[in-house]
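Coordinate analysis (summary)
If you want the building blocks of each chain, they are given just below.
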Amino acid sequence: METFPSFFWFENIMVKKSFLTGCDYNTEWQLPWFIENFIEHSTGILQVADFGMTDDMIDFIEHHPRFGKQIYILSFENKLSGWFKKPRAIYNATNDGFSVCWLDTDCQIDGDLDSIWEHFESGRLGMVVDRPWTKRRPDNGEWYNSGVVLSDRNHTLTTWMRSCEEDQTESDQYILYHMHTPIERLSKIYPIPHEYNTLRLDYIDNVAVDNPIIIHHTGKKGNDVIRQQMNF
């Protein structure tokens, strides 16, 4: 298994960038649906971190006639559970000056995904404000949703990764939220437009954007929507 660079021209500078996701045997059923949407809306490279996928799924991805050289499996050895692996996968993929856009596999890509690089900033995490969580837990400033993350290798990413490896009692998003005060968060994380991570709950709360580029189908009800789209 290997990783390969994706080269983008950004502000007249050639920068190494790629997209990144990850799954295990519990969530790999979403991967064919996710990749089909990805290749329809992006010209970039997608790396898939193997969090414990089955051999059958890896074989399916590597030999699918439509995926070609746009999709690559990323080796990953880590004993963490679930999404606590995410910061480590981002950290590994940002070696040697690479920048990545992480995407959860329950994200439906529905528009020009490559445009997200227009919002990349080095040295901080770029994420969409999680309006439903901020509304429901208004105790310590804004929450950010970790389903879509723009990052290079930086101090905040490193701290988030190490914190997830030390504490796995809640979620990667919960840990990131409690790492900083609201004032500290302003310098560590910057907001990217809502259209790049429109949540299922955004529709319930009537705060969804009109033309989302990414629709994030969270939770069991979100999985049901994905299964309907897959005729699964």
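Below you will find a few notes about this structure. If you're wondering where the values come from, they're calculated on a predicted model, not measured in any experiment. (Residues numbered from 1 in each chain as written. Predicted model: local features only at pLDDT ≥ 70, side-chain atom pairs only at ≥ 80, totals over all residues. Heavy atoms only, no water.)

For the rest of this paragraph, the subject is the environment of Ile45. Tracing the backbone through its elements, the reader meets Ile45 in the loop between helix H1 (31-41) and strand S3 (46-50). Using a relative accessible area of 12% as the deciding quantity, one classes Ile45 as buried. When the C-alpha atoms of Ile45 and Phe19 are compared, they prove to be 6.0 Å apart, with 26 residues separating the residues in sequence. (Helix = DSSP H or I, 4+ residues; strand = E, 2+ residues; numbered from the N terminus. Buried < 20%, exposed > 50% of the residue type's maximum accessible area, 1.4 Å probe, protein only.)

Core analysis: the largest hydrophobic core is formed by 35 residues, its most contacted members being Phe19, Leu31, Phe34, Ile35, Ile71, Leu103 and Ile116. Elements represented by at least two residues in this core include exactly strand S2 (13-23), H1, S3, helix H2 (55-63), strand S4 (71-74), strand S5 (99-103), strand S6 (107-109) and strand S8 (144-151). Residues contacting Leu31, with those up to four places away along its chain left out, are Thr21, Cys23, Val48, Met53, Met57, Ile61 and Thr105. Listed in part, the 26 residues of the second largest apolar core include Leu74, Leu80, Ala93 and Ile189. (Core = buried A, V, L, I, M, F, W, Y, C linked by side-chain atoms within 4.5 Å. Contact = heavy atoms within 4.5 Å.)

Now for the pairing of S3. Along S3, five of the five residues are buried, which leaves the element largely enclosed by surrounding structure. Side chains Leu46, Val48 and Asp50 of S3 all project onto a buried face; the interleaved residues Gln47 and Ala49 project onto the opposite face, where all are buried too. Running through H2, the crossover from S3 to the neighbouring parallel element S4 is right-handed. (Right-handed = clockwise from strand over helix to strand, strands pointing away.)

Reading across the sheet, the three strands line up as S6-S11-S10 and stay open at both edges, with mixed pairing between neighbours. Each having just a single partner strand, S6 and strand S10 (198-199) make up the two edges of the open sheet. One ladder, built from two bridges, connects S10 with strand S11 (residues 214-216); its direction is parallel. Bridge pairing in S11 links Leu199 to His216. (Pairing = 2+ DSSP bridges.)

Here we come to the environment of Cys101. As for its position among the elements, Cys101 is in strand S5. We classify Cys101 as buried; its relative accessible area is 0%. Note: C-alpha distance between Cys101 and Glu36 (65 residues apart in sequence) is 17 Å. Not counting residues within four places of it along the chain, the set of residues in contact with Cys101 comprises Ser18, Phe19, Leu20, Ile116, Trp117, Val148, Val149 and Leu150.

Evaluation of the coordinates by the stated rule reveals one cavity of 30 Å³ or more. Lining the largest cavity we find Glu142, Trp143, Tyr144, Gln173, Leu176, Tyr177, Arg185 and Ile189. Here the element with the most residues in the lining of the largest cavity is helix H6 (residues 172-178); it accounts for three residues. Residue classes in the lining of the largest cavity are distributed as five nonpolar, one polar and two charged. (1 Å grid on protein atoms, 1.4 Å probe; cavity = no way out; pocket = protein on both sides within 12 Å on 5 of 7 lines; lining within 4 Å. Points joined across faces, edges and corners; volume = space filled by probe spheres on them. Nonpolar A, V, L, I, M, F, W, Y, C, P; charged D, E, K, R; others polar.)

Quick look at the side chain of Asn145 now. Topologically, Asn145 is positioned in strand S8. At a separation of 2.9 Å, a polar atom in the side chain of Asn145 contacts the side chain of Asn197. For Asn145, the side chain forms a polar contact with the side chain of His216, separated by 3.3 Å. Setting aside residues no more than four positions away along its own chain, Asn145 makes contact with Met127, Val128, Asp130, Gln173, Asn197, Leu199 and His216. (Polar contact = N/O pair within 3.5 Å; in protein donor to acceptor, adjacent residues only side chain to side chain.)

Burial along S4 is two-sided: Ile71 and Ile73 and Tyr72 and Leu74, pointing in opposite directions, are all buried. As judged from the four bridges shared by S3 and S4, these two strands associate in the parallel manner. Bridged to Val48 within S4 is Ile73.

This brings us to helix H3 (residues 86-93). For H3, the tally of buried residues reaches six of eight residues, placing the bulk of the element in the interior. Listed as buried for H3 are Lys86, Pro87, Ala89, Ile90, Tyr91 and Ala93.

To continue, consider the packing of H3 against helix H5 (residues 155-166). Put simply, H3 and H5 touch, their axes get as near as 8 Å, and they point 140° apart. By the angle between their directions, the pair H3 and H5 is classed as oblique. As H3 runs across H5, the sense of the crossing is left-handed. Between H3 and H5, the contacting residues are Lys86, Pro87, Arg88, Ile90 and Tyr91 on the first element and Leu157, Thr158, Trp160, Met161, Cys164 and Glu165 on the second. Partitioning the contact of H3 with H5 into residue classes produces seven nonpolar, one polar and three charged. (Axes fitted to C-alpha atoms, helices over the stretch in contact; angles between N-to-C directions. Parallel < 35°, antiparallel > 145°, perpendicular 65-115°, else oblique. Left-handed = near helix turned anticlockwise from the far one by under 90°.)

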